[in-house]
Amino acid sequence: MLIFFENHKYNSDQIKPYLTPSLLYNDIPNHKSHTDQIGYIFITNENYSGPVFILPKSFLISIDGKDTVLGMKGIYPEDVINCDNEENPLEIAGKGSFLPELGLWLYRALNRFRNEHEGSPISRMAELDSQLPEDGARDKDFLSTAIDLIDFLKDHRSLFTQISLINHSGRNKIDWAKTVKGDPFFENGEPWYLDPAIKDKTINIDDTLIVLYYSVLKYLRDKYRFPIELGEVPYQLLSPIEIQRLIDTGIGSKQLKRIRHKYFRDDLKHLWGLLDSFFTYNMSEEDKEKKKEHLLVRKFHVIFEAMIDALVSDTRGVEELKNQADGHLVDHIFSFPSLLGAKSDIYFIGDSKYYKDDKRPEGVALYKQFTYAKNTIQYHIDQLHLKGKTAAQRKESKLRYRDTLTEGYNITPNFFIRSRVKENNTEFDQPAIVLCDDWNESKGQKYPPTNKHFEDRLFDRDTLILREFSVNLLFVIAAYAGYEDECWTLDIHRTIREAFITSIDEEYEFYRIIPHNVLPLAFDQLHTDTLSGRTYMLNESDDYLIAAFENSDQGRKDKEKFRATRLRSYETGEEITYDFIPTSLRELSEKK
């Protein structure tokens, strides 16, 4: 197996013998070549016959100006091209199967994208190019057949244990009926049978298929470094050299033909078909036709967006929000409990970015993200406030963007989510979605800029808070490839909500204002000058207002001005008093 990386410049003699000219860009004066595509190719030429994977550039981390594999010191892309080489530094480091495993997951992910989107606009945006047999074709391509064989073991491991127990029960036991017919040796008057008859010394026909299957798995593991755990195998297996001989001579295919009609169980018939595809696909001496197969993509950021969308989005019933009226297409959207109170929901609006760690969205990307949020708010207002809906109808809706009493607006969560590759991390099963707090370290800015028209008005319609998250790219690829995205969606939603709550608590101070001698609404109206855009009510029946002041010089001035204001009731003339109780968004987020 050969491994290359997208956009990494190799010496031309390291890459040109394996990739066709149409895939390469050549820097002739410097004798360098690279490819801008990602994916899988099976090549057969005078230099090499086997699978080639081209992995995303994100898995290269620069150290002292040189690309390294996952930031591993001294391990460079040029050194890991040949996975079969015993001097491969990843092999020496005990991580020889990592890149082949990543290649398999990448192929599965690209193949899922192909199955779901081929021929669609998003497929054309990704510049997807594939030449693979159709599903159900007898002569499957090499990699899909290998993956099917690997998956069969995962799904049917108990089957092999059962067959082995059945076929070996009674085997190697003494057949006394036959044994006693022989002449025993007598010692001290006791008979000793020195050549007992043993039951069932022949190999069961099921064992023939299973031995061949496990031997092929061992061949794939040892030759191509595929991550395969064979477990305990109660059979003597063929060596990879013997399997290669069965392939090269065509004997493997002929052996399968001879036992084809010996199987009646559906699972064993299916296994026979997979092995037949494997031996039929691989070239024999009588079949010199070069096999051509590839699955490549040029715009991997489109694939990344589709993978994140499968993990994060829940677009049921929100098609109009996903495809906005002004022509904007929201990357990711889902409804989840509001940051203010667990009783109502809010839309979380995201945009995925596939870029290197040292880059940040700016300019148009920021503007578009805030536009998505503004359009979503307006859509909600149009549906529930400007279409003649009654208070009772508004109450039925779980979504709550505006408090009709204070006219404060709920916090609308907006976020970017980008890929992350951590140094030396080779774990595929850890989502590790984290809030980024290094937006602009030179300016001491932890989080992306908040869109606002006024300072210190959290509950103003135009105050839109934005956060950035990163997620383990290995996990994203494996979860999407394994169709496990739905298993993780709820946990990811919770993580995003919790991170918003924690980070906003850092930036704002929250209080409960409990008026003593007027209703909360009247109190809010009397203090419009100091509380406009700073108050919100969770429920119309509450006896308190929620107030938020920014942890900034402006926020402290606004809070002091409010606290210094003394007002009297128009009706009674008595001073309006109140309790001013510190709280937090964390506490408020849990209120019903």
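Placed above this text is the structure.
These numbers come from a predicted model, not from an experiment. (Residues numbered from 1 in each chain as written. Predicted model: local features only at pLDDT ≥ 70, side-chain atom pairs only at ≥ 80, totals over all residues. Heavy atoms only, no water.)

What follows is about the overall build of the protein. Secondary structure summary: the protein contains 20 helices and 21 strands in total. Residue burial in the protein is summarised as follows: out of 592 residues, 50% are buried. Approximately 29400 Å² of the protein is accessible, and the part contributed by carbon and sulfur atoms is 48%. (Helix = DSSP H or I, 4+ residues; strand = E, 2+ residues; numbered from the N terminus. Buried < 20%, exposed > 50% of the residue type's maximum accessible area, 1.4 Å probe, protein only. Areas by Shrake-Rupley, 256 points an atom, 1.4 Å probe, with all protein chains shown as cover.)

Our focus in this paragraph is the sheet that holds strand β5 (residues 38-44). Ordered in space as β1-β6-β5-β12-β9, the 5 strands form an open sheet in which the pairing is mixed. Lying at the two open borders of the sheet, with one neighbouring strand each, are β1 (2-5) and β9 (128-131). Pairwise comparison of adjacent strand axes, ignoring direction, gives a mean angle of 20° for this sheet. Here β9 pairs with strand β12 (residues 293-297) via 4 bridges, running antiparallel. Bridging across to β12, Gln 131 finds its partner in His 294. Helix-sheet contacts for helix α3 (residues 98-117) involve β1, β5, β6 (49-55), β9 and β12, and the interaxial angle to β6 is about 80°. (Pairing = 2+ DSSP bridges. Axes fitted to C-alpha atoms, helices over the stretch in contact; angles between N-to-C directions. Contact = heavy atoms within 4.5 Å.)

Taken as a whole, this structure holds 34 aromatic pairs when the rule is applied. Relative to Tyr 578, the ring of Phe 523 has its centre 5.2 Å away and its plane inclined at 70°; by these criteria the two rings are edge-to-face. With Phe 523 in helix α17 (residues 520-526) and Tyr 578 in strand β21 (residues 578-583), the pair connects residues that are 55 residues apart, well separated along the chain. Across the pair, exposure class does not vary: Phe 523 and Tyr 578 are buried alike. One aromatic cluster is present, formed by Phe 42, Phe 142, Tyr 219, Tyr 224, Phe 226, Phe 278 and Phe 279 through successive ring pairs. The lysine or arginine in question, Lys 66, covers the ring of Tyr 76, its NZ or CZ lying 4.2 Å from the ring centre. Over the ring of Tyr 544 we find Arg 512; its NZ or CZ atom is 5.2 Å from the centre of that ring. (Phe/Tyr/Trp six-rings, centres within 6.5 Å; stacked < 30°, edge-to-face > 60°. Lys NZ or Arg CZ within 6 Å of the ring centre and 35° of its normal.)

Right, let's get into the layout of surface pockets. There is about 800 Å³ of room inside the largest pocket. Contributions of two or more residues to the lining of the largest pocket are made by α3, α5 (142-168) and α15 (473-481). Each residue belonging to the lining of the largest pocket can be placed in one class, and the counts come to 13 nonpolar, 3 polar and 11 charged. (1 Å grid on protein atoms, 1.4 Å probe; cavity = no way out; pocket = protein on both sides within 12 Å on 5 of 7 lines; lining within 4 Å. Points joined across faces, edges and corners; volume = space filled by probe spheres on them. Nonpolar A, V, L, I, M, F, W, Y, C, P; charged D, E, K, R; others polar.)

Paired through backbone hydrogen bonds, the strands of a sheet run either parallel or antiparallel to each other. Strand order in the open sheet formed by 4 strands is β19-β20-β18-β21, with antiparallel pairing between adjacent strands. Across the chains shown, the open sheet's two edge strands, defined by having one partner strand only, are β19 (535-536) and β21. As paired elements, strand β18 (residues 508-515) and β21 share 6 bridges and run antiparallel to each other. Following the sheet pairing, Phe 510 is matched in β21 by Thr 583. On the sheet, helix α16 (residues 485-507) packs against β18 and β20 (545-550) and is oriented at approximately 80° with respect to β18. The strands touched by helix α19 (residues 553-564) are β18, β20 and β21; relative to β20, the strand with the most contacts, the crossing angle is about 135°.

Okay, the pattern of salt bridges next. A complete count under the given rule lists 25 salt bridges for this structure. The shortest N-O distance in the salt bridge between Glu 498 and Arg 497 comes to 3.9 Å. Three or more residues are tied together by salt bridges with common partners; here these are Asp 36, Glu 127 and Arg 298. (Salt bridge = Lys/Arg side-chain N within 4 Å of Asp/Glu carboxyl O.)

We now examine helix α10 (residues 266-281). Three- or four-residue spacings in an α-helix give side chains the same orientation, since the helix completes a turn every 3.6 residues. With 16 residues, α10 should cover 22 Å at 1.5 Å per step; its first-to-last C-alpha distance of 22 Å lies within 8% of that length. Those residues of α10 that sit buried are Asp 267, Leu 268, Leu 271, Trp 272, Leu 274, Leu 275, Asp 276, Ser 277, Phe 278, Phe 279 and Tyr 281. (Expected span 1.5 Å × (residues − 1).)

A few words now on unusual backbone geometry. Within the chain, Glu 127 stands out as a residue other than glycine whose phi angle is a positive 55°. On the secondary structure map, Glu 127 appears in the loop between α4 (121-126) and β9. Of note in this structure, Asp 456 is not a glycine but carries a positive phi near 55°. Residue Asp 456 is classed as buried on the basis of its relative accessible area of 0%.

Any functional reading would require information that these geometric values do not contain.
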